[in-house]
Amino acid sequence: ALNRSLSEISNDVQVSFEFFPPNTPEMETTLWNSIERLAPLKPNFVSVTYGAGSGTRDRTHDIIKRIQQDTALLAAPHLTCIDANRDELVQIAKDYWASGVRHIVALRGDLPNSDEKPAMYASDLVALLRDVADFDISVAAYPEGHPEAPNPQFDLLNLKRKIDAGANRAISQFFFDIESYLRFRDRCVTVGIDVEIIPGILPVTNYKMLERFFGLTNVHVPSWMPKMYEGLEDDEMTRRMVGANIAMEQVKVLNREGVKNFHFYTLNRAELTYALCHTLGIRPQK
Ligand code: FAD
């Protein structure tokens with residue numbers, strides 16, 4: 001059965017990796033070690049998140065610049081509409097283009113104050129970027145719905161607006177309920193979304209740490225999941241193996257359902273993502 005299961009993986013899988021700007025010198029070292037380790041796997045692109053608050057965009061950009069300088073990777077900054085107005089966003093986009101950035105992950109960003117109506121949505125940012133230059137644009141998709149959306153159909157049509165505004169692909173919020181992604185992919189087709197909805201894979205090694213974060217999303221955590229990590233709070237090694245196993249099952253099932261592109265939320269760590277890529281048949285290249 002194992003033979004059948006592993007040989008079923010198609011040999012044309014492609015990947016992308018996501019990183020975030022680190023907060024400490026130790027995490028900075030971890031990030032660059034991870035990029036060095038993962039770079040030979042030749043991902044389609046690597047992206048670097050952007051947090052709200054002054055100074056963080058510079059940090060995103062600094063990492064992007066260094067990736068461009070030190071590696072052959074295609075680096076895509078995330079850009080949000082929070083704490084920048086239209087004119088500033090146009091300038092940022094122009095600066096990015098001038099510095100060789102060709103791919104942007106365009107997001108609205110999380111609102112600092114959820115009672116305020118945002119000045120812009122991600123679809124507006126996509127249109128703005130399209131006006132500035134011929135960027136390759138990725139946007140976010142939510143298989144289980146975005147928490148602010150009044151209903152799933154509204155959110156689905158919002159994704160369509162982003163694609164119609166000129167986005168080239170969507171990257172999904174992470175999920176653990178595979179059916180929810182597959183149903184969402186089908187629903188995208190029914191409203192005429194014809195770009196790829198790349199599943200965002202979050203290999204979970206520290207369930208307890210992420211548990212609080214899950215509550216802020218609409219992501220359904222199946223009942224088997226906390227059980228898998230039960231009693232492993234002080235056993236990092238086993239947690240990693242369990243996390244790798246869950247993520248591996250996930251990508252195998254998705255691959256069987258025709259998914260060829262995967263986006264890994266690396267959390268700046270290489271090991272699990274490397275192992276998953278290896279199992280998917282991806283080998284380091286010079
Ligand atoms: P939008 O597509 O604009 O949607 C936001 C909400 O508004 C949805 O509920 C939508 O249905 C609703 N909406 C859209 N248009 C309208 C309208 N006209 N009227 C009323 N409601 C409307 N956050 C960061 O801060 N930095 C990052 O780097 C980052 N990276 C991410 C990467 C991925 C792959 C994903 C999935 C998310 C990421 N996020 C990031 C989180 C994201 O910014 C938040 O989820 C944010 O709340 C929504 O962003 P969006 O681009 O999906 O917004």
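Residues numbered from 1 in each chain as written. Predicted model: local features only at pLDDT ≥ 70, side-chain atom pairs only at ≥ 80, totals over all residues. Heavy atoms only, no water.

Engineer: Even after reading the chapter, I still don't get the overall build of the protein chain, so can you show me in this structure?
Structural biologist: Of regular secondary structure, the protein chain possesses eleven helices and eight strands. Taken over the C-alpha trace, the protein chain has a radius of gyration of 19 Å; the compact-globule value for 286 residues is 19 Å, and the two agree within 12%. Taking the principal axes of its C-alpha atoms as reference, the protein chain extends roughly 55 × 45 × 35 Å. Scored against the burial criterion, the 286 residues of the protein chain give a buried share of 49%. Total accessible area on the protein chain stands at roughly 14400 Å², and carbon and sulfur atoms take up 50% of it. (Helix = DSSP H or I, 4+ residues; strand = E, 2+ residues; numbered from the N terminus. Rg over C-alpha atoms; globule rule 2.2 N^0.38 Å. Buried < 20%, exposed > 50% of the residue type's maximum accessible area, 1.4 Å probe, protein only. Areas by Shrake-Rupley, 256 points an atom, 1.4 Å probe, with all protein chains shown as cover.)

Engineer: Even after reading the chapter, I still don't get the pattern of salt bridges, so can you show me in this structure?
Structural biologist: Once their charged atoms are close, side chains differing in charge can pair, the charge on each being opposite to the other. Applying the stated criterion to the full structure yields ten salt bridges. Close ionic contact of D12 with K260 constitutes a salt bridge, the shortest N to O distance being 3.5 Å. Placement of the pair is D12 in the loop between helix 1 (2-7) and strand 1 (14-19) and K260 in the loop between helix 10 (236-256) and strand 8 (261-265), with a sequence separation of 248 residues. What makes K260 partly exposed here is its relative accessible area of 33%. For D164, the salt bridge goes to K160, with nearest N and O atoms at 3.1 Å. Placement of both D164 and K160 in helix 6 (residues 152-164) is noted, with a separation of four residues, approximately one turn of the helix. Judged by its relative accessible area of 22%, K160 falls in the partly exposed class. Among the charged side chains, a salt-bridge network with shared partners connects E236, R240 and E271. (Salt bridge = Lys/Arg side-chain N within 4 Å of Asp/Glu carboxyl O.)

Engineer: I keep staring at the packing of helix 6 against helix 7 (residues 178-190) and nothing clicks. Help me out?
Structural biologist: Describing two packed helices takes the angle between their axes plus the distance from one axis to the other. At a closest axis distance of 10 Å, the pairing of helix 6 and helix 7 adopts a crossing angle of 65 degrees. Of the two possible hands of crossing, helix 6 and helix 7 adopt the one that is right-handed. Together, P152, Q153, L156 and L159 of helix 6 and F184, R187 and C188 of helix 7 make up the contact between the two elements. A breakdown of the residues in the contact of helix 6 with helix 7 according to their chemical character gives five nonpolar, one polar and one charged. (Axes fitted to C-alpha atoms, helices over the stretch in contact; angles between N-to-C directions. Left-handed = near helix turned anticlockwise from the far one by under 90°. Contact = heavy atoms within 4.5 Å. Nonpolar A, V, L, I, M, F, W, Y, C, P; charged D, E, K, R; others polar.)

Engineer: Please explain the layout of surface pockets as it appears in this structure.
Structural biologist: To find leftover empty space, a probe the size of one water molecule is rolled over the atoms. Roughly 450 Å³ of volume is contained in the second largest pocket. The wall of the second largest pocket is formed by 19 residues, among which T205, M209, T266, L267 and R269 lie closest to the centre. Listing elements by their share of the lining of the second largest pocket, those giving two or more residues are helix 2 (25-38), helix 8 (207-214), helix 10 and helix 11 (271-279). Residues belonging to the lining of the second largest pocket are distributed by class as follows: eight nonpolar, six polar and five charged. (1 Å grid on protein atoms, 1.4 Å probe; cavity = no way out; pocket = protein on both sides within 12 Å on 5 of 7 lines; lining within 4 Å. Points joined across faces, edges and corners; volume = space filled by probe spheres on them.)

Function-wise, these values are silent; they only describe arrangement.
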